[in-house]
Amino acid sequence: MTKGRNKLDQVVIHVGALSLKESQELARHAAEIGADGIAVIAPFFLKPWNKDVLINFLKEVAAAAPALPFYYYHIPALTGVKIRAEELLDGIQEKIPTFQGLKFSDTDLLDFGQCVDQNRERQFAFLFGVDEQLLSALVMGATGAVGSTYNYLGKKTNQMLEAFERKDFSSALNHQFCIQRFINFVLKLGFGVSQTKAIMTLVSGIPMGPPRPPLQRASREFIDEAKARLESLDFLSSTDLKDGNLESCS
(Lines give C-alpha, C1' and ligand atoms only; values in the text may rest on other atoms or scores of the structure.)
Protein backbone atom coordinates (compact mmCIF):
# COMPACT_ATOMS: atom_id res chain seq x y z
CA MET A 1 0.00 0.00 0.00
CA THR A 2 1.34 3.41 -0.90
CA LYS A 3 0.63 6.91 0.38
CA GLY A 4 1.76 9.67 -1.93
CA ARG A 5 4.76 9.15 -4.14
CA ASN A 6 7.18 6.42 -3.08
CA LYS A 7 5.88 6.34 0.48
CA LEU A 8 4.49 3.37 2.38
CA ASP A 9 1.43 3.45 4.60
CA GLN A 10 3.15 1.30 7.20
CA VAL A 11 6.73 0.21 7.79
CA VAL A 12 7.43 -2.72 10.10
CA ILE A 13 11.16 -3.08 10.78
CA HIS A 14 12.74 -6.43 11.55
CA VAL A 15 14.97 -6.07 14.61
CA GLY A 16 15.81 -9.72 15.34
CA ALA A 17 19.45 -10.55 16.06
CA LEU A 18 21.53 -13.20 17.77
CA SER A 19 22.28 -10.78 20.60
CA LEU A 20 19.51 -9.51 22.87
CA LYS A 21 21.40 -6.22 23.28
CA GLU A 22 21.57 -5.72 19.51
CA SER A 23 17.85 -6.47 19.13
CA GLN A 24 17.03 -3.94 21.84
CA GLU A 25 19.22 -1.28 20.19
CA LEU A 26 17.54 -1.91 16.83
CA ALA A 27 14.10 -1.76 18.46
CA ARG A 28 14.88 1.58 20.09
CA HIS A 29 16.20 2.92 16.79
CA ALA A 30 13.04 1.78 14.99
CA ALA A 31 10.95 3.72 17.51
CA GLU A 32 13.13 6.81 17.16
CA ILE A 33 12.78 6.96 13.37
CA GLY A 34 9.00 6.56 13.44
CA ALA A 35 8.48 2.94 12.42
CA ASP A 36 4.93 1.58 12.65
CA GLY A 37 5.99 -1.69 14.22
CA ILE A 38 8.82 -4.15 14.83
CA ALA A 39 9.20 -7.84 14.09
CA VAL A 40 11.58 -10.39 15.59
CA ILE A 41 12.74 -13.88 14.70
CA ALA A 42 13.92 -16.29 17.38
CA PRO A 43 17.68 -16.20 18.09
CA PHE A 44 19.17 -19.20 16.32
CA PHE A 45 22.73 -19.67 17.61
CA LEU A 46 21.94 -20.17 21.29
CA LYS A 47 18.37 -21.29 20.71
CA PRO A 48 15.49 -20.93 23.18
CA TRP A 49 14.46 -24.45 24.16
CA ASN A 50 10.86 -23.88 25.20
CA LYS A 51 8.00 -21.41 24.92
CA ASP A 52 8.72 -19.53 28.15
CA VAL A 53 12.38 -18.94 27.29
CA LEU A 54 11.45 -17.65 23.84
CA ILE A 55 8.73 -15.35 25.19
CA ASN A 56 11.14 -13.92 27.76
CA PHE A 57 13.57 -13.03 24.96
CA LEU A 58 10.80 -11.44 22.87
CA LYS A 59 9.49 -9.59 25.91
CA GLU A 60 12.87 -7.97 26.52
CA VAL A 61 13.06 -6.79 22.89
CA ALA A 62 9.49 -5.46 22.91
CA ALA A 63 10.15 -3.53 26.12
CA ALA A 64 12.86 -1.52 24.33
CA ALA A 65 10.16 -0.01 22.10
CA PRO A 66 7.07 -0.09 24.36
CA ALA A 67 4.89 2.08 22.10
CA LEU A 68 5.39 0.03 18.92
CA PRO A 69 3.22 -2.90 17.78
CA PHE A 70 5.22 -6.12 18.06
CA TYR A 71 5.19 -9.08 15.66
CA TYR A 72 6.83 -12.49 15.92
CA TYR A 73 8.46 -13.85 12.76
CA HIS A 74 8.01 -17.63 12.82
CA ILE A 75 10.41 -19.29 10.36
CA PRO A 76 11.64 -22.56 11.91
CA ALA A 77 13.25 -23.89 8.71
CA LEU A 78 15.89 -21.15 8.98
CA THR A 79 16.09 -20.55 12.74
CA GLY A 80 15.90 -24.20 13.76
CA VAL A 81 13.57 -23.15 16.61
CA LYS A 82 10.74 -25.67 16.42
CA ILE A 83 8.48 -24.19 19.11
CA ARG A 84 4.99 -24.26 17.64
CA ALA A 85 3.45 -20.86 16.97
CA GLU A 86 0.12 -22.03 18.38
CA GLU A 87 1.83 -22.82 21.69
CA LEU A 88 3.71 -19.52 21.69
CA LEU A 89 0.55 -17.45 21.22
CA ASP A 90 -1.16 -18.96 24.26
CA GLY A 91 -1.16 -16.10 26.77
CA ILE A 92 1.49 -14.06 24.94
CA GLN A 93 -0.37 -10.74 25.13
CA GLU A 94 -0.39 -10.91 28.92
CA LYS A 95 3.42 -10.93 28.85
CA ILE A 96 3.91 -8.74 25.77
CA PRO A 97 1.03 -6.19 25.72
CA THR A 98 2.17 -4.73 22.39
CA PHE A 99 1.98 -8.09 20.61
CA GLN A 100 -0.13 -7.72 17.46
CA GLY A 101 0.44 -10.87 15.43
CA LEU A 102 2.90 -13.01 13.58
CA LYS A 103 4.38 -13.74 10.21
CA PHE A 104 4.03 -17.49 9.77
CA SER A 105 6.66 -18.84 7.36
CA ASP A 106 6.21 -22.57 7.76
CA THR A 107 4.39 -25.28 5.84
CA ASP A 108 2.67 -26.66 8.96
CA LEU A 109 -0.92 -25.66 8.18
CA LEU A 110 -2.17 -27.49 11.26
CA ASP A 111 -0.12 -25.17 13.45
CA PHE A 112 -1.25 -22.13 11.45
CA GLY A 113 -4.89 -23.15 11.55
CA GLN A 114 -4.76 -23.59 15.30
CA CYS A 115 -3.18 -20.14 15.69
CA VAL A 116 -6.24 -18.67 13.97
CA ASP A 117 -8.81 -20.94 15.59
CA GLN A 118 -7.61 -20.44 19.17
CA ASN A 119 -7.29 -16.65 18.89
CA ARG A 120 -10.54 -15.67 17.18
CA GLU A 121 -11.47 -13.17 19.88
CA ARG A 122 -8.15 -11.33 19.56
CA GLN A 123 -7.47 -8.95 16.69
CA PHE A 124 -4.15 -10.54 15.81
CA ALA A 125 -2.65 -10.19 12.35
CA PHE A 126 -1.92 -13.58 10.81
CA LEU A 127 0.48 -12.91 7.95
CA PHE A 128 1.36 -15.96 5.88
CA GLY A 129 4.84 -16.37 4.43
CA VAL A 130 4.78 -19.49 2.23
CA ASP A 131 3.79 -18.09 -1.14
CA GLU A 132 2.96 -21.42 -2.78
CA GLN A 133 0.45 -22.23 0.00
CA LEU A 134 -1.20 -18.84 0.37
CA LEU A 135 -4.64 -19.93 -0.86
CA SER A 136 -4.79 -22.67 1.78
CA ALA A 137 -3.84 -20.14 4.45
CA LEU A 138 -6.52 -17.71 3.26
CA VAL A 139 -9.14 -20.43 3.67
CA MET A 140 -7.88 -20.93 7.23
CA GLY A 141 -8.13 -17.23 8.06
CA ALA A 142 -4.86 -15.54 7.09
CA THR A 143 -5.28 -11.77 7.26
CA GLY A 144 -2.40 -10.97 4.92
CA ALA A 145 0.77 -12.24 3.33
CA VAL A 146 4.45 -11.37 3.21
CA GLY A 147 6.60 -13.14 0.66
CA SER A 148 9.51 -12.77 -1.73
CA THR A 149 7.82 -13.92 -4.94
CA TYR A 150 5.22 -11.13 -4.75
CA ASN A 151 7.97 -8.84 -6.00
CA TYR A 152 7.67 -10.46 -9.44
CA LEU A 153 4.55 -12.68 -9.29
CA GLY A 154 2.42 -9.99 -7.69
CA LYS A 155 0.01 -9.64 -10.60
CA LYS A 156 -0.87 -13.33 -10.57
CA THR A 157 -1.15 -13.31 -6.78
CA ASN A 158 -3.51 -10.33 -6.89
CA GLN A 159 -5.66 -12.20 -9.42
CA MET A 160 -5.84 -15.10 -6.96
CA LEU A 161 -6.77 -12.76 -4.10
CA GLU A 162 -9.48 -11.08 -6.18
CA ALA A 163 -10.94 -14.47 -7.17
CA PHE A 164 -10.91 -15.57 -3.52
CA GLU A 165 -12.68 -12.37 -2.43
CA ARG A 166 -15.49 -12.91 -4.94
CA LYS A 167 -15.68 -16.59 -3.87
CA ASP A 168 -14.59 -17.88 -7.28
CA PHE A 169 -12.58 -20.65 -5.72
CA SER A 170 -12.00 -22.53 -8.97
CA SER A 171 -10.26 -19.51 -10.51
CA ALA A 172 -8.35 -18.84 -7.30
CA LEU A 173 -7.09 -22.41 -7.30
CA ASN A 174 -5.99 -22.17 -10.92
CA HIS A 175 -4.01 -19.02 -10.13
CA GLN A 176 -2.39 -20.72 -7.13
CA PHE A 177 -1.48 -23.75 -9.25
CA CYS A 178 0.11 -21.45 -11.82
CA ILE A 179 2.23 -19.80 -9.11
CA GLN A 180 3.16 -23.24 -7.82
CA ARG A 181 4.32 -24.36 -11.25
CA PHE A 182 6.89 -21.59 -11.39
CA ILE A 183 8.04 -21.98 -7.77
CA ASN A 184 8.28 -25.76 -8.15
CA PHE A 185 10.34 -25.30 -11.31
CA VAL A 186 12.89 -22.92 -9.79
CA LEU A 187 13.14 -24.94 -6.58
CA LYS A 188 14.38 -27.86 -8.65
CA LEU A 189 17.03 -25.60 -10.19
CA GLY A 190 18.20 -24.44 -6.77
CA PHE A 191 16.28 -21.44 -5.48
CA GLY A 192 17.32 -18.97 -2.80
CA VAL A 193 18.10 -15.33 -2.09
CA SER A 194 20.65 -15.08 -4.91
CA GLN A 195 18.18 -16.45 -7.45
CA THR A 196 15.40 -14.20 -6.15
CA LYS A 197 17.60 -11.14 -6.67
CA ALA A 198 18.37 -12.26 -10.22
CA ILE A 199 14.70 -12.78 -11.09
CA MET A 200 13.75 -9.41 -9.62
CA THR A 201 16.43 -7.77 -11.76
CA LEU A 202 15.19 -9.72 -14.77
CA VAL A 203 11.59 -8.59 -14.30
CA SER A 204 12.07 -5.01 -13.14
CA GLY A 205 15.23 -3.94 -14.89
CA ILE A 206 16.44 -2.56 -11.55
CA PRO A 207 19.91 -3.92 -10.73
CA MET A 208 19.66 -5.66 -7.37
CA GLY A 209 23.37 -6.36 -7.21
CA PRO A 210 25.13 -9.53 -6.13
CA PRO A 211 24.35 -11.36 -2.90
CA ARG A 212 26.64 -11.06 0.08
CA PRO A 213 29.02 -13.97 0.84
CA PRO A 214 28.70 -16.80 1.66
CA LEU A 215 25.87 -16.74 -0.90
CA GLN A 216 26.94 -17.18 -4.51
CA ARG A 217 25.66 -15.39 -7.59
CA ALA A 218 22.88 -17.01 -9.60
CA SER A 219 24.21 -18.80 -12.65
CA ARG A 220 23.48 -17.61 -16.16
CA GLU A 221 21.91 -21.02 -16.77
CA PHE A 222 19.45 -20.45 -13.93
CA ILE A 223 18.54 -16.98 -15.21
CA ASP A 224 17.95 -18.23 -18.76
CA GLU A 225 15.78 -21.13 -17.60
CA ALA A 226 13.78 -18.95 -15.18
CA LYS A 227 13.22 -16.40 -17.94
CA ALA A 228 11.94 -19.07 -20.33
CA ARG A 229 9.63 -20.45 -17.64
CA LEU A 230 8.17 -17.01 -16.87
CA GLU A 231 7.40 -16.59 -20.55
CA SER A 232 5.93 -20.08 -20.98
CA LEU A 233 3.58 -19.60 -18.00
CA ASP A 234 2.49 -16.25 -19.46
CA PHE A 235 3.54 -14.31 -16.37
CA LEU A 236 5.41 -11.92 -18.62
CA SER A 237 5.98 -11.50 -22.33
CA SER A 238 9.47 -11.41 -23.75
CA THR A 239 9.15 -7.64 -24.20
CA ASP A 240 8.45 -7.21 -20.48
CA LEU A 241 11.65 -8.94 -19.41
CA LYS A 242 14.63 -6.68 -18.91
CA ASP A 243 18.03 -8.33 -18.67
CA GLY A 244 20.27 -5.34 -19.30
CA ASN A 245 21.36 -5.23 -15.65
CA LEU A 246 21.86 -8.95 -15.08
CA GLU A 247 25.63 -8.67 -15.05
CA SER A 248 25.38 -7.42 -11.48
CA CYS A 249 23.61 -10.60 -10.40
CA SER A 250 25.01 -13.40 -12.56
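All figures in this text were calculated on a predicted structure; none of them were measured in a lab.

S.K.: How do you make sense of the domain arrangement of the protein when you look at a structure like this?
M.R.: Many descriptions give the size of an interface as the accessible area lost when the pieces come together. Partitioning the protein into domains gives domain 1 (1-147) and domain 2 (148-236). For domain 1 and domain 2, the distance between their C-alpha centroids amounts to 25 Å. Taken residue by residue, the interface counts ten residues in domain 1 and 13 residues in domain 2. Both sides together, the interface formed by domain 1 and domain 2 hides about 990 Å², and carbon and sulfur atoms give 66% of it. Looking only at domain 1, the three residues that lose the most surface to domain 2 are Asp131, Glu132 and Leu135, adding up to 56% of its buried area. Applying the counting rule to domain 1 against domain 2 returns zero salt bridges. Joining domain 1 to domain 2, the criterion identifies six residue pairs in polar contact (both at pLDDT 80 or more). No other element matches the four residues that helix H7 (residues 134-140) contributes to the side of domain 1 that touches domain 2. When the residues that make up the side of domain 1 that touches domain 2 are grouped by side-chain class, the tally is six nonpolar, two polar and two charged.

Basis of the calculations
Residues numbered from 1 in each chain as written. Predicted model: local features only at pLDDT ≥ 70, side-chain atom pairs only at ≥ 80, totals over all residues. Heavy atoms only, no water. Domains from an automatic or database assignment. Contact = heavy atoms within 4.5 Å. Buried area = accessible area lost by both parts, 1.4 Å probe. Salt bridge = Lys/Arg side-chain N within 4 Å of Asp/Glu carboxyl O. Polar contact = N/O pair within 3.5 Å; in protein donor to acceptor, adjacent residues only side chain to side chain. Helix = DSSP H or I, 4+ residues; strand = E, 2+ residues; numbered from the N terminus. Nonpolar A, V, L, I, M, F, W, Y, C, P; charged D, E, K, R; others polar.

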